[in-house]
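The primary structure of each chain is shown beneath.
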Amino acid sequence: MAPLTQNGQAPTGRRGPTAPPPILEASGLVKHFGGKRMLLKRSPLVRAVNGISMSVKEGETLAVVGESGCGKSTLGRLLIRLLEPSAGDVIYRGRNLGNLTPDELRRLRGELQIIFQDPFASLNPRMSVSDIVSEPIWLKGGSSRGERRDKVVEILRTVGLRPDMASRYPHEFSGGQRQRIGVARALASDPRLILGDEPVSALDVSIQAQIVNLLEELKERLKLTLIIVAHDLAVIRHMSDRVAVMYLGEVVELATTDTLYDAPLHPYTQALFAAIPQASAVARHSIKPLDGDVPSPTNPPSGCKFHTRCPHAKPLCNEARPQLEAVEGGRRVACHFWREIAAAGSDPRPIARPSARLEKRLALYTACQAGRAELLSHRSSTPTAKDQTC
Ligand SMILES: Nc1ncnc2c1ncn2[C@@H]1O[C@H](COP(=O)(O)OP(=O)(O)O)[C@@H](O)[C@H]1O
Ligand code: SF4
Ligand SMILES: [Mg+2]
């Protein structure tokens, strides 16, 4: 299989003459925290992201998954330049974000937005909804006070909030409504790409469905590209087109959602899904859930970082870091022995159907989605009570 080129793409020609260019391309991204001398000691060096090369396609929803501390949030923030990389480049619509002047970056900032996990902590309690949503419009410049007021009203309607809520403060809203305010703030600067960092994990399950469906609807309507950092496999399966699986600062597998859920190739992906058996309708009986904790990113294992927990590890795994190889169908996997592992485990057998809880949630998302589509087709500009529940 052909390895990736320097910029994380398949070799020239594989993409085909008609495929659109990616909206964002990362190459060799590295982010280390700490390692600085403080008085007599040096603070530990945290290797949060280690040489990631990948691209994000325009209009897709790309999910980033992995255990806590694997570097998902750091990668997301590097991709939208909320964090400066220790090394590597991010090319956004043909422009290297590292080469922009602070002024150019400020002007571009509106196109690359973020929705945070905790809607309460991320909203300034002293600012009214109107101020929160109009601030990014003001920062963008070129609009009068009246134009900003009109735009705030339009955006609040878009996210399912009433215009008269604009004068209220964050503490006057429920968790789901606060996350809608967070979405409204992200939309205010007319973004093209939004990073959702665990955008629903702080919410009740029934509210999660509302926000998941709101994001999907906005993505379609506003032609957005989404990067969703999440650990909830139901949310990921429902929302994403492709999934990047991270382990200790590296992407170990990248594939379309269906392919990944049906036949994960990397032992870490297999174990991650086996830990939650209902995530996939098919699993291999030999796969065991993950044992132990993720090693510390201050002292990561040599070679393949997963070798200390991998049931298939061999001496080579300890010595050499596997490259993220391009496999058929556009998927990529970083494992020296994925072919052997796939061949040995080629007897997938059905396991328990998705759990009742997971099925209920997927059904809820789908029902909400269908309900919204119907509502939108003959919708007035003001959201209805039914709108608010889905
Ligand atoms: N600002 C920071 N300073 C020091 N270490 C950090 C900082 N941000 C993240 N880290 C460390 O980097 C690693 C990856 O963190 P993070 O990207 O938040 O992981 P995830 O989102 O997958 O849980 C963790 O060990 C975390 O403690
Ligand atoms: S390279 Fe070796 S240790 Fe790493 S996932 Fe593959 S078999 Fe396991
Ligand atoms: Mg995180």
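See the structure above.
All values reported here derive from a predicted model rather than from experimental measurement. (Residues numbered from 1 in each chain as written. Chains lettered and ligands numbered in written order. Predicted model: local features only at pLDDT ≥ 70, side-chain atom pairs only at ≥ 80, totals over all residues.)

Another aspect to go through is the environment of lysine 31. With respect to the helices and strands, the residue lysine 31 is situated in strand S1 (residues 24-34). With near-sequence residues (within four places) excluded, lysine 31 lies in contact with Ala48, Val49, Thr74, Leu78, Leu83, Pro85 and Ser86. (Helix = DSSP H or I, 4+ residues; strand = E, 2+ residues; numbered from the N terminus. Contact = placed C-beta atoms within 7 Å.)

Take helix H5 (residues 175-187) next. Across its 13 residues, H5 extends 18 Å between first and last C-alpha, which sits within 8% of the 18 Å expected from 1.5 Å per residue. The element H5 is largely enclosed, with a buried count of 12 among its 13 residues. Here H5 has its buried residues at Gly176, Gln177, Arg178, Gln179, Arg180, Ile181, Gly182, Val183, Ala184, Arg185, Ala186 and Leu187. Where H5 is buried, its residues contact strand S8 (112-115), helix H3 (129-140), helix H4 (145-158), strand S9 (193-197) and helix H6 (205-222). (Expected span 1.5 Å × (residues − 1). Buried ≥ 20, exposed ≤ 12 C-beta atoms within 10 Å, placed from the backbone.)

Right, let's talk about the environment of glutamine 210 for a bit. Turning to its location among the elements, glutamine 210 is positioned in helix H6. With 25 C-beta atoms counted inside 10 Å, the residue glutamine 210 sits in the buried group. In sequence terms glutamine 210 and valine 200 are 10 residues apart; their C-alpha atoms lie 9.4 Å from each other.

Moving on, we get to the site of ligand 1. With respect to spatial proximity, 13 residues lie near ligand 1, and among them Phe33, Ala48, Lys72, Ser73 and Thr74 are the closest. Among the elements of the structure, S1, strand S4 (45-56) and helix H1 (72-79) are those that each provide at least two residues to the shell around ligand 1. For the shell around ligand 1, the element with the highest residue contribution is H1, accounting for three residues. Of the residues contributing to the shell around ligand 1, the split by class is five nonpolar, seven polar and one charged. (Near = placed C-beta within 6 Å. Nonpolar A, V, L, I, M, F, W, Y, C, P; charged D, E, K, R; others polar.)

The biggest cluster of nonpolar side chains holds 87 residues, and the ones touching the most others in it are Ala63, Val64, Leu79, Ala184, Ala244, Val245 and Val251. For this core, the element with the most residues is S4, which contributes six residues. Dropping the residues within four chain positions of it, alanine 184 is found in contact with Val133, Ile155, Leu156, Val159 and Leu161. (Core = buried A, V, L, I, M, F, W, Y, C linked by C-beta atoms within 7 Å.)

Here we take up the pairing of S4. Among the 12 residues that make up S4, 10 are buried, leaving the element largely enclosed by the rest of the structure. Bridge count for S1 against S4 is nine bridges, and the pairing is antiparallel. Following the sheet pairing, lysine 31 is matched in S4 by valine 49. (Pairing = 2+ DSSP bridges.)

Geometry only, nothing functional implied.
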